[in-house]
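# Summary of structural features
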Amino acid sequence: MRTELKIPSDLKFLSVVESWLLESLATELKESETWPQLSTRLRLALVEAYSNVVRHAHKDNPETPVILRLTLDQRSVTLEIWDSGQGYDTDTYLAPVPETFQEGGYGWLILNRLMDKVQYQLRAKDGQNCLMLETELPIFQEMP
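Note that the structure is predicted; figures quoted are calculated from it, not measured.

With that settled, consider the layout of surface pockets. Here the largest pocket is characterised by a volume of approximately 530 Å³. Asn52, Val53, His56, Ala57 and Tyr88 are, among the 21 residues lining the largest pocket, the residues nearest its centre. Every element with two or more residues in the lining of the largest pocket is listed here: helix 2 (35-57), strand 3 (76-83) and helix 3 (107-114). Each residue belonging to the lining of the largest pocket can be placed in one class, and the counts come to 11 nonpolar, seven polar and three charged.

Looking now at the pattern of salt bridges. Between side chains of opposite charge, a pair can form when the charged atoms approach closely. Evaluated as defined, the whole model comprises three salt bridges. A salt bridge links Arg43 to Glu18; the nearest nitrogen and oxygen atoms lie 2.9 Å apart. Taken together, the positions of Arg43 in helix 2 and Glu18 in helix 1 (residues 14-29) put the pair 25 residues apart, joining distant regions of the chain. Across the pair Arg69 and Glu80 runs a salt bridge whose closest N-O atoms are separated by 3.7 Å. Taken together, the residues span a long stretch of sequence, with Arg69 in strand 2 (residues 66-72) and Glu80 in strand 3 at a distance of 11 residues.

Rules used in this analysis
- Residues numbered from 1 in each chain as written.
- Predicted model: local features only at pLDDT ≥ 70, side-chain atom pairs only at ≥ 80, totals over all residues.
- Heavy atoms only, no water.
- 1 Å grid on protein atoms, 1.4 Å probe; cavity = no way out; pocket = protein on both sides within 12 Å on 5 of 7 lines; lining within 4 Å.
- Points joined across faces, edges and corners; volume = space filled by probe spheres on them.
- Helix = DSSP H or I, 4+ residues; strand = E, 2+ residues; numbered from the N terminus.
- Nonpolar A, V, L, I, M, F, W, Y, C, P; charged D, E, K, R; others polar.
- Salt bridge = Lys/Arg side-chain N within 4 Å of Asp/Glu carboxyl O.

Here's what the structure looks like:
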């Protein structure tokens, strides 16, 4: 299954983003015992990624849409989040130290904890940046 959502860069659309993800995946995975856990992980990852694009990548250009792509196959779920912002150099990322009570900078850490694979490409296509999030699916038992 593949689906795409082109949505404005505005946090008021966050519930639309969440619904799109969960309803798309539920059609295939809701009967699985692991669906509640999996859906929570994926929702949290997408909310973090989308809100970062809105607050950081498109903060000076809110009319620019965010493109979300979802792919589900036998083995994995892949989310692509496309933005047109300046981009982010992941090589300069330093994980926050909990003792410093740092306010921001946890997004990259959160995404890497929630997902099995996280990749970010600056200017991947037509000047856009792509954040790719992937998680392997657990082995599902066949439903009767």
